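Inside the fold
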Amino acid sequence: MEPDFFKNLPPEIITEILLRLPVVSIPISECVCKRWLHLLESDAFVKSHFARSAPALVVVEDSNQLKVLELKLLLNLDLESYNPLTQYDFPYQRGRIRNCFNGFLVIRVGFDKLWVCNPITREVIKLDLPADPQQSTLEVSALGFGASEVVCIKRRSYDDKLDCHVYTLGTGSWRRLEGIPYNYHNGEGAFVNGNLHWIATIGEESWISCFDVETECFSFFKAPPYHAQGLPLIRVTSISALNGCLWFCKVASEYVNYGGGCELTIWIMKEYGVDESWSLEYVIPIDDGLRGDL
């Protein structure tokens, strides 16, 4: 191939060729020339390549090692059969994945630190969780990540009120919003439609709390209606984002210790922000063998 072959190609053809590269080849290709580096780091290219990439599973093992596995055969659940796209060790304490968005991970490392990392390029932004000189403990009620915003909602130990702290990547500091009106369940935020979402309670009812990352304002709408007739105890709830929609999961049981009947219900909000659009998609009975993992 002539050395000037790529120089003579139209930019759109070069982009199309690079979009077909496997994800592990992107960091190597960034070293070819400045032109490719700028292209491969552009928001438009990252979004297009992410949309074309095969599904991946991120696993954090007990050895403090993070692995990214490309799931080409989704029916094969034997993780040992996959060669990792990349893997590396946490240098200090064991990490726990708390959020993900567009291929980036938010990992809580130890008690008071967050990492925002690209697991493929291994680029990491290390953050200290927001501190308050008036309290000695850090009780995080909710975390979220969307667009370029990291959001941490934490409870004050001295008056039991909640503060929202927002970190915009690249600014180097947290800013605080006061007067959060809900109670949160130590959840991970789901990012949909420009908003981060958590499960919150107002009185005895469950609601979906929404934080608009652009306006930095809170709003809320109703959680799905109660379904499990005869199973009065809601033991576990969670919220997630999939294909641009909100998904809500509930586990209900008849007794506190999961004895008797127990089932998982999964709902999808088909029209964003419309309470009546919650649709019950799955009702799954749960046997004794699975209850220990809930």
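Residues numbered from 1 in each chain as written. Predicted model: local features only at pLDDT ≥ 70, side-chain atom pairs only at ≥ 80, totals over all residues. Heavy atoms only, no water.

1. Considering the overall build of the protein
When its secondary structure is counted, the protein shows 5 helices and 21 strands. At a minimum sequence separation of 6, the contacts of the protein that also span at least 24 residues come to 36%. Approximately 16900 Å² of the protein is accessible, and the part contributed by carbon and sulfur atoms is 53%. (Helix = DSSP H or I, 4+ residues; strand = E, 2+ residues; numbered from the N terminus. Contact = heavy atoms within 4.5 Å. Areas by Shrake-Rupley, 256 points an atom, 1.4 Å probe, with all protein chains shown as cover.)

2. Points about the pattern of salt bridges
What the rule picks out here adds up to 8 salt bridges. Here Asp-128 ties to Lys-113 by a salt bridge, and the two come within 2.7 Å at their closest N and O atoms. Here Asp-128 is found in strand 7 (residues 123-128), whereas its partner Lys-113 is found in strand 6 (residues 113-118), with 15 residues between them in sequence. Owing to a relative accessible area of 36%, Lys-113 belongs among the partly exposed residues under this scheme. Residues Arg-175 and Glu-216 are paired through a salt bridge, measuring 2.3 Å at the closest nitrogen-oxygen approach. With Arg-175 in strand 11 (residues 174-178) and Glu-216 in the loop between strand 16 (205-212) and strand 17 (217-222), this pair connects stretches of sequence that are 41 residues apart. (Salt bridge = Lys/Arg side-chain N within 4 Å of Asp/Glu carboxyl O. Buried < 20%, exposed > 50% of the residue type's maximum accessible area, 1.4 Å probe, protein only.)

3. Structural notes on helix 1 (residues 11-19)
Three or four residues apart is the spacing at which side chains of an α-helix point the same way, because the helix has 3.6 residues per turn. Of all the residues in helix 1, the buried ones are Ile-14, Leu-18 and Leu-19. Projected down its long axis, helix 1 carries its buried residues within an arc of 135 degrees, all on one side. Next to the buried residues of helix 1 lie helix 2 (26-29), helix 3 (34-40) and helix 4 (43-52). (Arc of directions from axis to C-beta.)

4. Concerning the packing of aromatic side chains
Given two aromatic rings, their pairing is described by the distance between the two centres and the angle made by the two planes. Counted under the stated rule, the structure contains 7 aromatic pairs. Ring centres of Trp-207 and Phe-220 lie 4.9 Å apart, and the angle between their planes is 85 degrees; this geometry places the pair in the edge-to-face category. On the criterion of sequence distance, the pair formed by Trp-207 in strand 16 and Phe-220 in strand 17 is long-range, its members being 13 residues apart. Given the relative accessible area of 15%, Trp-207 is considered buried. Pairing Phe-221 with Tyr-272 gives two aromatic rings, centres 5.9 Å apart and planes at 85 degrees, and the pair type is edge-to-face. Placement of Phe-221 in strand 17 and of Tyr-272 in the loop between strand 20 (262-269) and strand 21 (278-285) is noted, with a sequence separation of 51 residues between them. Judged by its relative accessible area of 7%, Phe-221 is buried. Here a set of aromatic residues connected by ring pairs shows up, and it is made of Phe-101, Phe-145 and Phe-191. (Phe/Tyr/Trp six-rings, centres within 6.5 Å; stacked < 30°, edge-to-face > 60°.)

5. Things to note about the sheet that holds strand 1 (residues 56-60)
Spatially, 1-2-3 is the arrangement adopted by the 3 strands of the open sheet, whose pairing is antiparallel. The open sheet has two edge strands, strand 1 and strand 3 (84-89), and neither has a second partner. Strand-to-strand twist across the sheet, computed as the mean angle between neighbouring axes with direction ignored, equals 10 degrees. For strand 1 and strand 2 (residues 65-70), the ladder comprises 5 bridges, and the chain directions are antiparallel. Bridge assignment links Val-58 to a residue of strand 2, and that residue is Val-68. (Pairing = 2+ DSSP bridges. Axes fitted to C-alpha atoms, helices over the stretch in contact; angles between N-to-C directions.)

6. A few points about the sheet that holds strand 8 (residues 139-146)
If you trace the 5 strands from one edge of the open sheet to the other, you get 11-10-9-8-13, paired in mixed fashion. Where the open sheet ends on each side, the last strands, each with one partner, are strand 11 and strand 13 (187-188). Here strand 10 (residues 162-168) runs beside strand 11; their pairing, made up of 5 bridges, is antiparallel. Directly across from His-165, in strand 11, lies its bridge partner Arg-176.

7. Quick notes on the environment of Glu-139
Take Glu-139: it is sitting in strand 8. Residue Glu-139 is classed as partly exposed on the basis of its relative accessible area, which comes to 44%. Along the sequence, Glu-139 and Phe-111 sit 28 residues apart, while their C-alpha atoms lie 9.7 Å from each other.

8. Observations concerning the pairing of strand 4 (residues 95-101)
Note: strand 4 against strand 5 (residues 104-109), 6 bridges, orientation antiparallel. Each residue of the ladder has a partner; that of Cys-100, found in strand 5, is Leu-105. In textbook terms, the turn of a hairpin is the stretch between consecutive antiparallel strands, and for strand 4 and strand 5 this stretch comprises 2 residues, one of which, Asn-102, has a positive phi near 50 degrees.

9. Considerations on the nonpolar core
In this structure, Val-151, Ile-153, Tyr-184, Trp-198 and Phe-211 are the most contacted members of the largest nonpolar core, which totals 27 residues. Only strand 6, strand 8, strand 9 (149-155), strand 10 and strand 15 (195-202) provide two or more residues apiece to this core. Grouped together as the second largest cluster of nonpolar side chains are 13 residues, Ala-190, Val-192, Ile-239 and Trp-278 included. (Core = buried A, V, L, I, M, F, W, Y, C linked by side-chain atoms within 4.5 Å.)

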